[in-house]
Amino acid sequence: SVLRSPNQSQPPQEGREEPQKLSKSSRRKDMLRSDDTDKGAKRTEHEDRFDRQLRLWGSHGQKFLESTHICALGSGATISEMLKNLVLPNISQFTIIDDATITEEDNGNNFFVSEDDIGKPRG
């Protein structure tokens with residue numbers, strides 16, 4: 001028997017074929033849902049927009065996300081960044097509970113507010 005370093009590949013054993021490497025386009029095609037690969041299948045704007053999420057947890061998971069209602073206690077810089085990241089996957093219902101008012105500082109670290117909002121309640 002021949003000694004090999006761990007980095008050297010083993011020769012294929014008799015009766016076994018070596019696995020084929022897939023091209024990028026082949027891997028991309030494998031990632032598509034079966035209804036995407038059907039000839040003539042058209043994707044909706046919603047499917048195109050949330051393609052990554054639909055691949056990750058399917059349409060049932062996306063529907064669950066879209067029906068979620070988030071309650072945020074406070075609305076400082078960290079919460080506003082978190083809310084932005086929750087808006088992107090299409091969570092559409094938020095309740096923000098905060099008794100502070102919008103300040104000049106909020107205008108610089110919270111893109112949900114503008115100069116016109118200074119002095120108004122955050123929540």
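Each remark here, short or long, concerns the structure printed above.
Residues numbered from 1 in each chain as written. Predicted model: local features only at pLDDT ≥ 70, side-chain atom pairs only at ≥ 80, totals over all residues. Heavy atoms only, no water.

**Considerations on the pairing of strand E1 (residues 69-73)**
Because side chains alternate across E1, one face comprises the buried residues Ile70 and Ala72, and the other comprises His69, Cys71 and Leu73, none of which is buried. This β-α-β element, E1 to helix H5 (residues 77-87) to strand E2 (residues 93-97), shows right-handed connectivity. (Buried < 20%, exposed > 50% of the residue type's maximum accessible area, 1.4 Å probe, protein only. Helix = DSSP H or I, 4+ residues; strand = E, 2+ residues; numbered from the N terminus. Right-handed = clockwise from strand over helix to strand, strands pointing away.)

**A short note on the environment of Leu83**
Along the chain, the position of Leu83 falls in helix H5. Since its relative accessible area comes to 6%, Leu83 is described here as buried. Put simply, Leu83 and Cys71 are 12 residues apart on the chain and 10.0 Å apart in space, counted from C-alpha to C-alpha. For Leu83, the residues in contact, after removing those within four places along its chain, are Ala72, Phe94, Ile96 and Phe112. (Contact = heavy atoms within 4.5 Å.)

**A look at the side chain of Ser80**
Topologically, Ser80 is positioned in helix H5. Filtering out sequence-adjacent residues up to four positions away, Ser80 remains in contact with Asn109, Asn110 and Phe112.

**Re helix H4 (residues 51-66)**
Under the 1.5 Å per step criterion, the end-to-end length of H4 is only 14 Å for 16 residues, more than 12% shorter than the ideal 22 Å. A bend of about 110° at Trp57 is the largest found in H4. The complete set of buried residues in H4 reads Asp51, Gln53, Leu54, Gly58, Gly61, Gln62 and Leu65. (Expected span 1.5 Å × (residues − 1). Bend = angle between axes of the 7 residues up to and from the residue.)

**Brief notes about the pairing of E2**
Where E1 lies against E2, five bridges are found, and the strand directions are parallel. In the strand pairing of E2, Ile70 is matched with Phe94. (Pairing = 2+ DSSP bridges.)

**Concerning the environment of Arg122**
Mapped onto the fold, Arg122 is located in the segment after helix H6 (104-109). Residues within four places of Arg122 in sequence aside, it is in contact with Ser75, Gly76, Ile96, Asp98, Ala100, Thr101, Ile102 and Asp106. Within the structure, the side chain of Arg122 is placed 3.2 Å from the side chain of Asp98, a separation counted as a polar contact. (Polar contact = N/O pair within 3.5 Å; in protein donor to acceptor, adjacent residues only side chain to side chain.)

Take it as geometry only, folks, not as evidence of what the structure does.
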